[in-house]
Number of protein chains: 2
Amino acid sequence: MKIALMGFGTVGTGVEEILYKKRARLRQNNFDLDLAYALIKNKDKKRSPFKKDLIFTDDFEKILSSDVDTVIDVTSSFDETYERIIKLMKAGKNIVTANKAVVSKYFENLNDLARENGVYFAYEAAVAGAIPLIHPLMEEALFNEMTKVYGILNGTSNYILSKMEEEGASYEKVLKKAQDLGFAEADPTADVGGFDAMRKLRILSSLIYNSKINEDAIPTFGIGNIKKTDLDFAKAMGYTIRLLAKSELRDGKINISVIPSFLKDDFFAKTFEATNAIKVWGENFSAYEFKGPGAGKLETADAVIRDLLRILSKREIPAFYDGANSYKLEATRSNKFYLRTSLVPKALKDLIEDEKVIGDDHQIITKKTDFETLRPILSALSDVFVAEIEEEL
Amino acid sequence: MKIALMGFGTVGTGVEEILYKKRARLRQNNFDLDLAYALIKNKDKKRSPFKKDLIFTDDFEKILSSDVDTVIDVTSSFDETYERIIKLMKAGKNIVTANKAVVSKYFENLNDLARENGVYFAYEAAVAGAIPLIHPLMEEALFNEMTKVYGILNGTSNYILSKMEEEGASYEKVLKKAQDLGFAEADPTADVGGFDAMRKLRILSSLIYNSKINEDAIPTFGIGNIKKTDLDFAKAMGYTIRLLAKSELRDGKINISVIPSFLKDDFFAKTFEATNAIKVWGENFSAYEFKGPGAGKLETADAVIRDLLRILSKREIPAFYDGANSYKLEATRSNKFYLRTSLVPKALKDLIEDEKVIGDDHQIITKKTDFETLRPILSALSDVFVAEIEEEL
């Protein structure tokens, strides 16, 4: 069966490597796979695939009009990739993708298109790397009500937070180190701003609640503004800080947010370096937890291959998501919050339960409140770090 | 599609409950399921199924000769169930089973029979309850080398250990409580003796290494002989105690054992009550971890239903295990061990690194040694508690 890669970066080369190195074992398990093409942007760049006759092309039409059965998208481009996936699905080709931005933004369209064209749409690699998460949750979603999902879904942010904590180093210093190690992009906004985690939360939540969730409707706060003093303050109260993506379905409404969180010594607090951690609550199993590498060349490729093998042997679950539950989104969950800000407007003053002033910085613990109340206050402040205080998860 | 239950105990009623309560959702997802029969031992016992026309029968032949497509085994009997599964497979019926004793003992035969008869053999519910473990590992095993698996696989033992630790109570008192709560059987030997965990370890290890592992060849120590002094001793050294099932493939040999283990503050040490925890190492993903309910009515039924839906939509992986890797089993992993014993034979004396004597009890930390060396010493002692000291996992 012929397949093609769109993209030949880190994950793409990982997929090619596994397919080549494991070809004997795959054949033994009746997977007769031929990776025929790799779509790339720059044909002049020197590449060293394991499979010597792999055809590199910069001509998308060549892949579209080819007889490949399944296309693996490991690009990081956005609109271009989305347009191409549409064309590929309409041409009857199955899609395996690791592109979380595209999957999150166009989740409805992609599921609809897969259904209409009778092709498979698989995206295990888009969330939490090697951890088997999406497919098991699809299986649950066929019959089980899931009511809550919390996760550390961005490895870069977690690396920065746990290293700042461990080494007492500044945000800038640890970010620089993460960039040097290749964990963080030159422009780290998507990671440290919480947007990458937000996209993964949108995918997970839509899937388990079968409900459309607009990215714009998810309150998203990152760690881009964190200082060592925030971690020190948390530590003095017996907490650590992690960037948590959270959603909960209750009374037909979904409370959803991505926000740094003060955590006691729990499953999430004990998540270090670039590890991902996910906890899912369901009516049949109370809760289960997953932890493991959320990114990486072979890690993400491993998830891609699992999707691929499922599709090739027709073991994949046909697209069933249709967003039929139009649950309202809210941010009314009541909790105490931590804010560090140089300005303290009147509306915030009324919410203060505890306050410490160091230099220009006010470190504030609020009374129990919710996001809807905090939102206008936060949007009026230009230099603020905010975290939700979680007593127990 | 017609299906039947063998057994209508806790898990069986859970399966029936989910199938009934979720029938609308299942139909919506194209699962047209008819639970036709439940095989029971005592026809006179009053039962209250949700499905009023469910036929209870004590006549196995009725199910064997029926047109049911798939039979769900939720019995706890051993040889009888094995004989029946053989007949059912030969009659072309798929098997979903939660019966870990049968799956472990006859893993080779059951996989062979499934292959020969072109039926599915699914056993997600036999290990770690609701946690999606077996199926994801099957998917990995199609192409990925896995090299190590460690787990807390017996909820009852973990409940006892974590309660003794938390409450400072005696083994007898906590066991009694576990029995009163229904966590532990009247005869708790399979659980506290480590045999239940050993069976699950055999299943997991055989699956990921594709190698036959005789139950008898797995050194198995339980917690039946533990005293509060053992936990106190561990605590004073900065450890807690958990019953760990461990196997590791290295240089073509498998080191395997089930043994109480001294653990630092890690993933396993942080596993409380009847929770199960599993860590798997593989070449593509370093390691990932799972944690969740390892037993329970709806939890185990949830795993059964996932298997069932996979089979009904032909998404299950056909039996591929053939034990082709005949790896040698060893117990040569070098570590320090803790022993509490009233007798200290000469061979043990030579291994002592540290010793504390309270009354008749010698609490001993050995030098680095291995199981092969300890085995003859342990088998000569009638009243001994042994634990392996794990520095880091």
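All values derive from a computational prediction rather than experimental measurement. (Residues numbered from 1 in each chain as written. Chains lettered and ligands numbered in written order. Predicted model: local features only at pLDDT ≥ 70, side-chain atom pairs only at ≥ 80, totals over all residues. Heavy atoms only, no water.)

Brief notes about the sheet that holds strand 4 (residues 70-73) of chain B
Each strand in a sheet pairs with its neighbour through backbone hydrogen bonds, running either in the same direction (parallel) or in the opposite one (antiparallel).
Residue and element names in this part refer to chain B.
Right, on to step 1. Ordered by their spatial adjacency, six strands build an open sheet running 3-2-1-4-5-6, and the pairing between neighbours is parallel. Only two strands of the sheet have a single neighbouring strand rather than two, namely strand 3 (55-57) and strand 6 (121-122).
Right, on to step 2. In this structure, strand 1 (residues 2-6) lies alongside strand 4, joined through four bridges in parallel fashion. Residue pairing in the sheet places Ile3 in a bridge with Thr70 of strand 4.
Right, on to step 3. Where helix 4 (residues 79-90) meets the sheet, it contacts strand 1, strand 2 (34-39), strand 4, strand 5 (94-97) and strand 6, and its direction lies at approximately 165° from that of strand 1. (Pairing = 2+ DSSP bridges. Helix = DSSP H or I, 4+ residues; strand = E, 2+ residues; numbered from the N terminus. Contact = heavy atoms within 4.5 Å. Axes fitted to C-alpha atoms, helices over the stretch in contact; angles between N-to-C directions.)

Observations concerning helix 8 (residues 155-167) of chain A
Residues and elements named next belong to chain A.
Right, on to step 1. With 13 residues, helix 8 should reach 18 Å at 1.5 Å per residue; the first-to-last C-alpha distance of 18 Å fits that figure.
Right, on to step 2. Counting buried residues in helix 8 gives ten out of 13 residues, a clear majority hidden from the surface.
Right, on to step 3. For helix 8, every residue scored as buried is listed here: Gly155, Thr156, Ser157, Asn158, Tyr159, Ile160, Leu161, Ser162, Lys163 and Met164.
Right, on to step 4. Contact partners of the buried residues in helix 8: strand 7 (146-152), helix 9 (171-180), helix 10 (189-192), helix 12 (228-236), strand 8 (240-250) and strand 10 (275-282).
Right, on to step 5. Where helix 8 begins, one side-chain oxygen reaches toward the backbone nitrogen of Thr156, 3.4 Å away; that side chain belongs to Asn154.
Right, on to step 6. Two residues or fewer past helix 8, Gly168 is found with a positive phi of approximately 65°. (Expected span 1.5 Å × (residues − 1). Buried < 20%, exposed > 50% of the residue type's maximum accessible area, 1.4 Å probe, protein only. Polar contact = N/O pair within 3.5 Å; in protein donor to acceptor, adjacent residues only side chain to side chain.)

Comments concerning the side chain of A:Glu215
Residues and elements named next belong to chain A.
Right, on to step 1. Relative to the helices and strands, Glu215 is located in the loop between helix 11 (195-209) and helix 12.
Right, on to step 2. We note that Glu215 is buried and unpaired, the nearest opposite charge coming from Arg199 at a distance of 4.4 Å.
Right, on to step 3. Side chain to side chain, Glu215 and Ser104 meet in a polar contact 2.6 Å long.
Right, on to step 4. Polar side-chain contacts of Glu215 include one of 3.3 Å to the backbone nitrogen of Lys105.
Right, on to step 5. When residues no more than four places from it in sequence are discounted, the contact partners of Glu215 are Ala101, Ser104, Lys105, Met198 and Arg199. (Lys, Arg positive; Asp, Glu negative; His and termini not counted. Salt bridge = Lys/Arg side-chain N within 4 Å of Asp/Glu carboxyl O.)

What about the UniProt feature "domain: Aspartate/homoserine dehydrogenase NAD-binding" (unreviewed entry) in chain A?
Right, on to step 1. UniProt feature "domain: Aspartate/homoserine dehydrogenase NAD-binding" (unreviewed entry): in the numbering of this structure it lies at residues 7-124 of chain A.
Right, on to step 2. What you have in residues 7-124 of chain A is 44% helix and 16% strand, and the ends, taken at the C-alpha atoms, are 17 Å apart. (UniProt positions renumbered as here; feature names shortened; annotations may be inferred.)

Some details on the interface of chain A and chain B
Where the parts come together, the accessible area they lose is often given as the size of the interface.
Right, on to step 1. Contacts between chain A and chain B engage 43 residues on the former and 43 residues on the latter.
Right, on to step 2. There are 14 salt bridges connecting chain A and chain B.
Right, on to step 3. One salt bridge in this structure joins B:Glu145 and A:Lys22, with 3.6 Å as the shortest N-O distance.
Right, on to step 4. Inspection of the chain A/chain B interface yields 23 residue pairs in polar contact (both at pLDDT 80 or more).

Re the domain arrangement of chain A
Residue and element names in this part refer to chain A.
Right, on to step 1. Taken domain by domain, chain A holds domain 1 (2-122) and domain 2 (147-293 + 326-389).
Right, on to step 2. For domain 1 and domain 2, the distance between their C-alpha centres works out to 34 Å.
Right, on to step 3. Taken residue by residue, the interface counts seven residues in domain 1 and ten residues in domain 2.
Right, on to step 4. When domain 1 packs against domain 2, close to 740 Å² is buried across both sides, 60% of that on carbon and sulfur atoms.
Right, on to step 5. For the pair domain 1 and domain 2, the interface holds two salt bridges. (Domains from an automatic or database assignment. Buried area = accessible area lost by both parts, 1.4 Å probe.)

Things to note about the relation of the copies chain A and chain B
Right, on to step 1. You can overlay chain A on chain B at an RMSD of 0.0 Å; the transform is a turn of 180° with a shift of 0.0 Å along its axis. Within this description, the copies of the chain are treated as partners about a two-fold rotation axis. Identified as the residue of chain A closest to the rotation axis by C-alpha distance is A:Arg315, at 2.0 Å.
Right, on to step 2. The share of interface residues of chain A whose copies in chain B are also at the interface is 100%, consistent with both copies meeting through the same surface. (Least-squares fit on C-alpha atoms with pLDDT ≥ 70 in both.)

Observations concerning the pairing of strand 5 of chain B
When a strand is regular, its side chains alternate between the sheet's two faces.
All names here are of chain B.
Right, on to step 1. Both faces of strand 5 are covered, namely the face carrying Asn94 and Val96 and the face carrying Ile95 and Thr97.
Right, on to step 2. As judged from the four bridges shared by strand 4 and strand 5, these two strands associate in the parallel manner. Paired with Asp73 across the bridge in strand 5 is Thr97.
Right, on to step 3. Bridge count between strand 5 and strand 6: two bridges; the pairing is parallel. What sits directly across from Ile95, in strand 6, is Phe121.

Points about the sheet that holds strand 3 (residues 55-57) of chain A
Residue and element names in this part refer to chain A.
Right, on to step 1. Taken in spatial order, the six strands make up an open sheet running 3-2-1-4-5-6, and their pairing is parallel. With one partner strand each, in any of the chains shown, strand 3 and strand 6 (121-122) form the two edges of the open sheet.
Right, on to step 2. Those strands touched by helix 4 (residues 79-90) are strand 1 (2-6), strand 2 (34-39), strand 4 (70-73), strand 5 (94-97) and strand 6, and its axis lies near 165° from that of strand 1.
Right, on to step 3. Against the sheet, helix 13 (residues 297-312) engages strand 1, strand 4, strand 5 and strand 6, with an angle of about 165° to strand 5.

Considerations on a negative patch on the surface
Residue and element names in this part refer to chain A.
Right, on to step 1. Negative charge collects at one region of the surface, where Asp44, Asp58, Asp59 and Glu61 lie side by side.
Right, on to step 2. Within the secondary structure, Glu61 is located in helix 3 (residues 60-64).
Right, on to step 3. You can call Glu61 partly exposed: its relative accessible area is 42%. (Patch = residues over 30% accessible without salt bridge, like charges linked within 9 Å, V, L, I, M, F, W, Y side chains within 5 Å. Areas by Shrake-Rupley, 256 points an atom, 1.4 Å probe, with all protein chains shown as cover. Charge placed at Lys NZ, Arg CZ, Asp CG, Glu CD.)

Some points on the pattern of salt bridges
Right, on to step 1. For the structure on display, the rule yields 82 salt bridges over all chains.
Right, on to step 2. One salt bridge connects A:Glu273 with A:Lys163, and the closest N-O pair in it is separated by 2.9 Å. With A:Glu273 in the loop between strand 9 (253-263) and strand 10 and A:Lys163 in helix 8, this residue pair connects regions lying 110 residues apart in the sequence.
Right, on to step 3. Linked by salt bridges that have partners in common, A:Glu139, B:Asp307, B:Arg310, B:Arg315 and B:Glu316 make up one network.

Examining the confidence of the model for chain A
Right, on to step 1. Across chain A, the average pLDDT comes to 96, with 100% of residues at or above 70.
Right, on to step 2. For this predicted complex, the interface confidence comes out at an ipTM of 0.95, alongside a pTM of 0.97. (pLDDT = per-residue confidence, 0-100.)

Observations concerning the side chain of B:Asn284
Right, on to step 1. By the secondary structure assignment, B:Asn284 is in the loop between strand 10 (275-282) and strand 11 (286-293).
Right, on to step 2. Residue B:Asn284 is classed as buried on the basis of its relative accessible area of 4%.
Right, on to step 3. Of the polar contacts made by the side chain of B:Asn284, one reaches the side chain of B:Asn144; its length is 3.5 Å.
Right, on to step 4. Other than its neighbours up to four places away in sequence, B:Asn284 contacts A:Ile18, A:Leu298, A:Glu299, A:Asp302, B:Phe143 and B:Asn144.

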